[in-house]
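Coordinate analysis (summary)
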Amino acid sequence: FGVATTVPESMIATLAQLPYVRRVHREREVRAHLEESLGQIRAPDVWTNFGVKGEGVLVGILDSGIDYLHPALGGGLGSDFKVAGGYDFVNSDPDPMDDNGHGTHVAGIVAADGIVIRGVSPKARLLAYKVLDASGRGLERNIIAAIERVVDPNQDGDPRDMADIVNMSLGSDRGDPDDALSRAVDNAV
């Protein structure tokens, strides 16, 4: 069990000494990273040789949101569209529209299905979780909340609707296997 809170620097040592506090993690900023992938991994060969393009796969994208109005990404948001759902953890609202571009770029690599733009798994569906702001920066608490949401998108306690794959093309300068974000990933797995 974990708690995200903001306290003055002078209180951290006192907080860490409480008998029910196992560890105090300082929050770190994360940011978007761009990479090319489709040609490098030879996805078209997989489509041809194995006849799979992501049918029936649900991918959670934890990033700067997704421009779900883009025609190659389905043109809408909801159960009848490629971007089946999501949430904006930066602005605390149900609209995960991308205002940076990185999340849309990542979603395109994963599942674009347009005339000109095609992703690795063009028939996959997406969940958009906006955890990075317009400048491509975010807070670990929002990423952790999104990780918890991606394993139970409708928050009913039943994980049968969870994403099959989660993409987080983001990072920070620090981290260790026992920090809060690493533990959230471990718990999701």
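From a predicted model like this one, the values you see are computed outputs, not experimental measurements. (Residues numbered from 1 in each chain as written. Predicted model: local features only at pLDDT ≥ 70, side-chain atom pairs only at ≥ 80, totals over all residues. Heavy atoms only, no water.)

We now examine the pattern of salt bridges. Taken as a whole and assessed by the stated rule, the structure comprises 11 salt bridges. Taking the shortest distance from any N to any O, the salt bridge between Arg-26 and Glu-9 comes out at 3.0 Å. With Arg-26 in the loop between helix H1 (12–17) and strand E1 (29–32) and Glu-9 in the segment before H1, the pair connects residues that are 17 residues apart, well separated along the chain. A residue is classified by how much of its surface remains accessible, and Arg-26, at 49% relative accessible area, is partly exposed. We note a salt bridge from Arg-28 to Asp-179, for which the minimum N-O separation is 2.9 Å. Note that Arg-28 is positioned in the loop between H1 and E1 and Asp-179 in the loop between strand E7 (170–171) and helix H6 (180–188), a separation of 151 residues in sequence. Residues Arg-28 and Asp-179 agree in their burial class; the two are buried. One salt-bridge network, held together by shared partners, links Arg-28, Glu-140 and Asp-179. (Salt bridge = Lys/Arg side-chain N within 4 Å of Asp/Glu carboxyl O. Helix = DSSP H or I, 4+ residues; strand = E, 2+ residues; numbered from the N terminus. Buried < 20%, exposed > 50% of the residue type's maximum accessible area, 1.4 Å probe, protein only.)

This part is about the packing of helix H5 (residues 140–150) against H6. Relative to each other, H5 and H6 sit at 5°, their axes nearing to 10 Å. Taken together, H5 and H6 sit at an angle that is classed as roughly parallel. Two secondary-structure elements touch here, H5 through Glu-140, Ile-143, Ile-144 and Ile-147 and H6 through Ala-180, Leu-181, Ala-184, Val-185 and Ala-188. (Axes fitted to C-alpha atoms, helices over the stretch in contact; angles between N-to-C directions. Parallel < 35°, antiparallel > 145°, perpendicular 65-115°, else oblique. Contact = heavy atoms within 4.5 Å.)

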